Amino acid sequence: MISLNIEYKREKKYIRNFYKTIQVATASQNIYLTKREKLTCKTCGKKVPLGKAFVAESEKHKGTCFTCSPFVGYIMLPPGDAAMTRRSKKHSTLCGVVLFWNQRRKRYERKGQLVEEIAIEKARLECDSDKESRALKNKKAAVIRAAHDKAYVIIFAEAIRQRYPNCPTNRENEIAAHACEKHSGRVGRTANAKQFDGKMIDLAVEAHIRHTETDYDDQFGKGKNKKTIRTEVRFDINKVLRKWRD
Ligand SMILES: [Zn+2]
């Protein structure tokens, strides 16, 4: 009897998970706060004034005004809380991604999403109930990231030392720490010395020499432009590079 009960529970869990996986994701629809003039609603034929909501695949596609869209009565959830964004979308019948045109950056940016009020309430309940465990998870992830960053700097420093065996003591660490601050996003964080190419190391070392071994920084404000100053210190930089390398 007991084993039968376990079997039954297993079966139930299996079915529940199965339905979870085949559950269709909430459809997303873009809502543009228009930057184009002369847009009209394909349903009611009215003009959509500049800066007002236009619901379509893009501003170049045909679309509707807000009143003719299915989003009337939906609530705006501002961006910034990843869990709320994900969960409220999951619980809503539709999700309208509201986009506005950023003139300075020349691109559309998210202003928030329109979802059903009940979806926001459900998401809020879920977020409140696992607030602590999510905070702990984020904290753990941050610790792991910091450890990776540290390992990355150490390995980068080793690669510098290998390429410039005569560079003064501890300089490789200084250079690596500085370069990783700026470039960590670009070169990845897999902490594998093989992925550092020579060119990247050279650039980091060169920049360090320019600021510490030449009078580069003192030349500004004397009526010379940056290009001239760079050319002037080139010879000194190369001299130090050779010395550190051989
Ligand atoms: Zn309309």
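The notes below deal with the structure included here. These figures come from a predicted structure and were not determined experimentally.

### A short note on helix α4 (residues 131–163)
Consideration 1: Across its 33 residues, α4 extends 48 Å between first and last C-alpha, which sits within 8% of the 48 Å expected from 1.5 Å per residue.
Consideration 2: Within the sequence span of α4, burial applies to Y152, I155, F156, A157, A159 and I160.

### Considerations on the coordination of the zinc ion
Consideration 1: Listed as protein donors to the zinc ion are C41 (SG), C44 (SG), C65 (SG) and C68 (SG); their distances from the metal cover 2.3 Å.
Consideration 2: For the zinc ion, the four donor atoms in the first shell make angles of 103 to 116° at the metal, a pattern classed as tetrahedral.
Consideration 3: Given a relative accessible area of 36%, C44 falls into the partly exposed group.

### So, the pairing of strand β7 (residues 94–102)
Taken residue by residue, a regular strand's side chains alternate between the two faces of the sheet.
Consideration 1: Counting buried residues along β7, seven of its nine residues qualify, which places the element largely inside the surrounding structure.
Consideration 2: Sheet topology places strand β1 (residues 27–33) next to β7; seven bridges connect them, and they run parallel. Looking at β7, one finds that L33 is bridged to F100.
Consideration 3: Across seven bridges, the pairing between β7 and strand β8 (residues 107–115) is antiparallel. Looking across to β8, one finds that G96 is bridged to L114.
Consideration 4: Linking β7 back to β8 in an antiparallel pair, the connection comprises four residues, with K106 at a positive phi of about 55°.

### Some thoughts on the packing of aromatic side chains
Geometrically, a pair of aromatic rings is defined through the distance of the ring centres and the angle of the planes.
Consideration 1: If you walk through the whole model with that rule in mind, you get five aromatic pairs.
Consideration 2: Seen from their ring centres, Y32 and Y108 are 4.9 Å apart, and the 70° between their planes marks the pair as edge-to-face. Highlighted residues: Y32 in strand β1 and Y108 in strand β8, separated in sequence by 76 residues.
Consideration 3: Using a relative accessible area of 8% as the deciding quantity, one classes Y32 as buried.

### Overview of the nonpolar core
Consideration 1: Of all hydrophobic cores here, the largest spans 24 residues; its most connected members are F156, I201, V205 and W244.
Consideration 2: When sequence neighbours within four positions are dropped, the list of residues in contact with V205 reads I160, Y164, I175, L241 and W244.

### Observations concerning the packing of α4 against helix α6 (residues 198–212)
Consideration 1: Direction vectors running N to C along α4 and α6 enclose 90°, while the axes themselves pass 10 Å from each other. Comparing their axes, α6 and α4 come out roughly perpendicular. Judged by residue contacts, Y152, F156, A159, I160 and R163 of α4 engage G198, M200, I201, D202, A204 and V205 from α6.
Consideration 2: Of the residues assigned to the contact of α4 with α6, the class counts are eight nonpolar, one polar and two charged.

### Focus: the pattern of salt bridges
Consideration 1: If you walk through the whole model with that rule in mind, you get 12 salt bridges.
Consideration 2: In this structure, the salt-bridge partner of D130 is R134, at a minimum N-O distance of 3.0 Å.
Consideration 3: Judged by relative accessible area, which is 19%, D130 ranks as buried.
Consideration 4: In this structure, R161 and E172 form a salt bridge, with 2.9 Å as the shortest nitrogen-oxygen distance. Of this pair, R161 sits in helix α4 while E172 sits in helix α5 (residues 171–187), and the two are 11 residues apart along the sequence.
Consideration 5: On the basis of relative accessible area, R161 is assigned to the partly exposed category, the value being 25%.
Consideration 6: Taken together, the shared-partner salt bridges in this structure form one network comprising R87, K90, E126, D130 and R134.

### Some points on the environment of C95
Consideration 1: Structurally, the position occupied by C95 is in strand β7.
Consideration 2: Residues C95 and Q113, spaced 18 residues apart in sequence, show a C-alpha to C-alpha distance of 6.6 Å.
Consideration 3: C95 has contacts with T26, A27, S28, Q29, F71, K89, Q113, L114 and V115, leaving out every residue within four places of it along the chain.

Calculation notes
- Residues numbered from 1 in each chain as written.
- Predicted model: local features only at pLDDT ≥ 70, side-chain atom pairs only at ≥ 80, totals over all residues.
- Heavy atoms only, no water.
- Helix = DSSP H or I, 4+ residues; strand = E, 2+ residues; numbered from the N terminus.
- Expected span 1.5 Å × (residues − 1).
- Buried < 20%, exposed > 50% of the residue type's maximum accessible area, 1.4 Å probe, protein only.
- Donors = N, O, S within 2.8 Å, 3.2 Å for Na, K, Ca; no water.
- Tetrahedral: all angles 85-135°; square planar, octahedral: opposite > 155°, others 65-115°.
- Pairing = 2+ DSSP bridges.
- Phe/Tyr/Trp six-rings, centres within 6.5 Å; stacked < 30°, edge-to-face > 60°.
- Core = buried A, V, L, I, M, F, W, Y, C linked by side-chain atoms within 4.5 Å.
- Contact = heavy atoms within 4.5 Å.
- Axes fitted to C-alpha atoms, helices over the stretch in contact; angles between N-to-C directions.
- Parallel < 35°, antiparallel > 145°, perpendicular 65-115°, else oblique.
- Nonpolar A, V, L, I, M, F, W, Y, C, P; charged D, E, K, R; others polar.
- Salt bridge = Lys/Arg side-chain N within 4 Å of Asp/Glu carboxyl O.

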